[in-house]
Amino acid sequence: MQKKNRIILALDVTSRADAMRIVEAVKGYVDAIKINWPLVLATGPDIIREMSRVKDVICDFKIADIPNTNKLIVEQAMSRGASAVICHGFTGDDSVKACVDAAKGQVFVVTEMSHPGGKQFTAPVADKLATLAKSAGARGIVAPATRPERIAALRKIIGGLEIISPGVGAQGGKASDAIRAGADYIIVGRAIYDAPDPGGAAKALADEVKEGM
Ligand code: O7M
């Protein structure tokens, strides 16, 4: 994934037409497309291949199962052209390792989640989840743009691993704050795809990211 604009588009729309329209409008301003269940369930798994022809695709299936099931899910995603996958870490090191092996290291592990409820169960164990991501050989972690101070704290634990950070815009986080705190990429959905001018919104965020650097 090219580190140019440092924006990952969260393409949480539910039709192929909307997906194509948004991607066409913003492809010059984002480095990757994150695909989650809403788009895959609405359009079918071949959307992964289709989007991978335009940009690197991160499959955000928040994989959280026993090692064998995790491996099967990751293999399906990677065989359709995904460049990376996202898994949960609370399942334990064997389950995360199964993802890492199946994705040849291209795994991001969720730590503290960005929404208010993320404070309830994920925040108290986020440091341990980050440590696990590192020891399992993951590529990076997911950390909250809604709490930039947590990005900075988690950065100290993971060293040179990558941080991708959701929560900018609709959830209240600021792109420049997340980047300044140590995020490599911000993940943005509604602030781009719900904007009247998605291309303009993505460009404005790309400009704001530069401010944070
Ligand atoms: O910008 P939004 O709020 O419209 O979308 C944010 C995206 O990031 C959406 O796809 C969420 O599923 C995802 N996300 C979070 O919002 N918070 C988290 O803590 C973790 C994720 C995520 O990407 O996990 C991998």
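Residues numbered from 1 in each chain as written. Predicted model: local features only at pLDDT ≥ 70, side-chain atom pairs only at ≥ 80, totals over all residues. Heavy atoms only, no water.

Asker: I'd like a rundown of the packing of aromatic side chains, residues and numbers included.
Answerer: Both the distance between ring centres and the angle between the ring planes are used here to describe each pair of aromatic rings. All chains considered together, the criterion is met by one aromatic pair. Positioned over the ring face of Y185 is K3, at 5.9 Å from the centre of the ring. (Phe/Tyr/Trp six-rings, centres within 6.5 Å; stacked < 30°, edge-to-face > 60°. Lys NZ or Arg CZ within 6 Å of the ring centre and 35° of its normal.)

Asker: I'd like a description of the site of the ligand, backed by residues and values.
Answerer: In the region of the ligand, 17 residues are neighbours, and D12, K34, S114, G189 and R190 sit closest. The separation between an oxygen atom of the ligand and a polar side-chain atom of N36 is 3.3 Å. Those elements giving two or more residues to the shell around the ligand turn out to be β3 (56-63) and β8 (185-188). When grouped by side-chain class, the residues that make up the shell around the ligand number eight nonpolar, four polar and five charged. (Near = heavy atom within 4 Å. Polar contact = N/O pair within 3.5 Å; in protein donor to acceptor, adjacent residues only side chain to side chain. Helix = DSSP H or I, 4+ residues; strand = E, 2+ residues; numbered from the N terminus. Nonpolar A, V, L, I, M, F, W, Y, C, P; charged D, E, K, R; others polar.)

Asker: Let's hear about the pattern of salt bridges: which residues, and what values?
Answerer: Across all of its chains, the model carries 18 salt bridges by this definition. Among the salt bridges present, the one from E50 reaches R16, with a minimum N-O distance of 2.2 Å. Placement of E50 in helix α3 (residues 46-52) and of R16 in helix α1 (residues 16-26) is noted, with a sequence separation of 34 residues between them. One salt bridge connects E208 with K174, and the closest N-O pair in it is separated by 3.4 Å. One end of the pair, E208, is in helix α10 (residues 198-212); the other, K174, is in the loop between β7 (162-166) and α8 (175-181), and 34 residues separate them in sequence. On the accessibility criterion, K174 (41% relative accessible area) is partly exposed. Within this structure, E112, D127, R147 and R150 form a network of salt bridges that share partners. (Salt bridge = Lys/Arg side-chain N within 4 Å of Asp/Glu carboxyl O. Buried < 20%, exposed > 50% of the residue type's maximum accessible area, 1.4 Å probe, protein only.)

Asker: Could you give me a rundown of the sheet that holds strand β5 (residues 107-110), with the residues and numbers involved?
Answerer: Sheets are built from strands paired through backbone hydrogen bonds, the pairs being either parallel or antiparallel. Pairing is parallel in the closed barrel, where eight strands are placed in the order β1-β2-β3-β4-β5-β6-β7-β8. Taking the axes of each pair of neighbouring strands and ignoring which way they run, one obtains an average angle of 25° across the sheet. One ladder, built from three bridges, connects strand β1 (residues 7-10) with strand β2 (residues 32-35); its direction is parallel. Within the sheet, the bridge partner assigned to L9 lies in β2 and is I33. Against the sheet, helix α4 (residues 67-79) contacts β3 and β4 (84-88), and its axis sits at roughly 160° relative to β3. (Pairing = 2+ DSSP bridges. Axes fitted to C-alpha atoms, helices over the stretch in contact; angles between N-to-C directions. Contact = heavy atoms within 4.5 Å.)

Asker: Kindly report on unusual backbone geometry, identifying the contributing residues and their values.
Answerer: Here the phi dihedral of R6 falls at roughly 60°; this positive angle occurs in a residue that is not glycine. Examined against the element boundaries, R6 turns out to sit in the segment before β1. When its relative accessible area of 14% is taken as the criterion, R6 is described as buried. Even without being glycine, K62 reaches a positive phi, approximately 40°.

Asker: Got a sec to walk through the nonpolar core? Specific residues and values, please.
Answerer: In terms of nonpolar packing, the biggest core is built from 60 residues, with I7, L11, I35, I48, M51, V107 and I186 touching the most fellow members. Among the elements that line this core, the one with the most residues is helix α6 (residues 126-136), at five residues. Judged by nonpolar contacts, the second largest core, of twelve residues, contains I58, I86, V110 and Y185. (Core = buried A, V, L, I, M, F, W, Y, C linked by side-chain atoms within 4.5 Å.)

Asker: Quick one: what's the story with the pairing of β3, residue by residue and with numbers?
Answerer: With six of eight residues buried, β3 is to be regarded as a mostly interior element. Of the strand pairs in this sheet, β2 and β3 are connected by four bridges, and their pairing is parallel. Paired with A32 across the two strands is D56, which belongs to β3. Pairing between β3 and β4: three bridges, direction parallel. Bridging across to β4, I58 finds its partner in A84.

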